[in-house]
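Reading the structure
Each chain, written out:
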Amino acid sequence: QVQLVESGGGLVQPGGSLRLSCAASGSIISINYMGWYRQAPGKERELVARITSGGSTNYADSVKGRFTISRDNAKNTVYLQMNSLKPEDTAVYYCNAMVRIITGRILEVWGQGTLVTVSS
């Protein structure tokens, strides 16, 4: 019904930058919020950043000032610009969205994940 497809992960040196993208497709009427979570080895999944359809954002304290989330509502796409990356940012990053579909149901949808590795 709804798919989230992520791109942009990879290997980057400490201090470097990456930009993640996530595009939603399917029988979508509207998307309330879109966001990014991450899960490092041996750790629980945590919220990185979230943005509402109106543009309100919230960030994990660990990424404030370094990461910026944005979205293109016309393209049902969310982006995560990650600057000043640190080794502790290494994780699988998952896109997440709360979507209203054509039947009227509201679904929480997850992407397949994209690996970000910060290492010299």
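In what follows, the accompanying structure is described. Bear in mind the structure is a predicted one, so any value in this text is a computation, not a measurement.

What follows concerns the sheet that holds strand 3 (residues 18-26). With antiparallel pairing, the four strands of this open sheet are ordered in space as 1-3-8-7. This sheet does not close on itself; its edge strands, each paired only once, are strand 1 (2-7) and strand 7 (67-72). On average, adjacent strands in this sheet sit at an angle of 15° to one another, irrespective of strand direction.

Judged by nonpolar contacts, the single largest core of 33 residues is most densely connected at Trp 36, Leu 80, Met 82 and Tyr 93. Looking at this core, the element that brings in the most residues is strand 9 (residues 91-101), giving six residues.

Burial along strand 7 is one-sided: Phe 67, Ile 69 and Arg 71 are buried, and none of Thr 68, Ser 70 and Asp 72, which face the opposite way, are. Note: strand 7 against strand 8 (residues 77-82), six bridges, orientation antiparallel. Residue pairing for strand 8: Phe 67 is matched across the bridge by Met 82. What sits between strand 7 and strand 8 in their antiparallel hairpin is a turn of four residues, with Asn 76 showing a positive phi close to 50°.

Of all eleven residues in strand 9, eight are buried; the element is thus mostly enclosed. With nine bridges connecting them, strand 4 (residues 28-39) and strand 9 associate as antiparallel partners. From the neighbouring strand, Arg 38 faces strand 9, where its bridge partner is Tyr 93. In this structure, strand 9 lies alongside strand 11 (residues 114-118), joined through three bridges in antiparallel fashion. Paired with Tyr 93 across the bridge in strand 11 is Thr 114. Bridge count for strand 9 against strand 10 (residues 106-110) is five bridges, and the pairing is antiparallel. If you follow Val 99 over to strand 10, its bridge partner there is Leu 107. Hairpin connection from strand 9 to strand 10: four residues lie between these consecutive antiparallel strands, with Gly 104 at a positive phi of about 95°.

Parameters at a glance
- Residues numbered from 1 in each chain as written.
- Predicted model: local features only at pLDDT ≥ 70, side-chain atom pairs only at ≥ 80, totals over all residues.
- Heavy atoms only, no water.
- Pairing = 2+ DSSP bridges.
- Helix = DSSP H or I, 4+ residues; strand = E, 2+ residues; numbered from the N terminus.
- Axes fitted to C-alpha atoms, helices over the stretch in contact; angles between N-to-C directions.
- Core = buried A, V, L, I, M, F, W, Y, C linked by side-chain atoms within 4.5 Å.
- Buried < 20%, exposed > 50% of the residue type's maximum accessible area, 1.4 Å probe, protein only.

Purely geometric numbers; function is a separate question.
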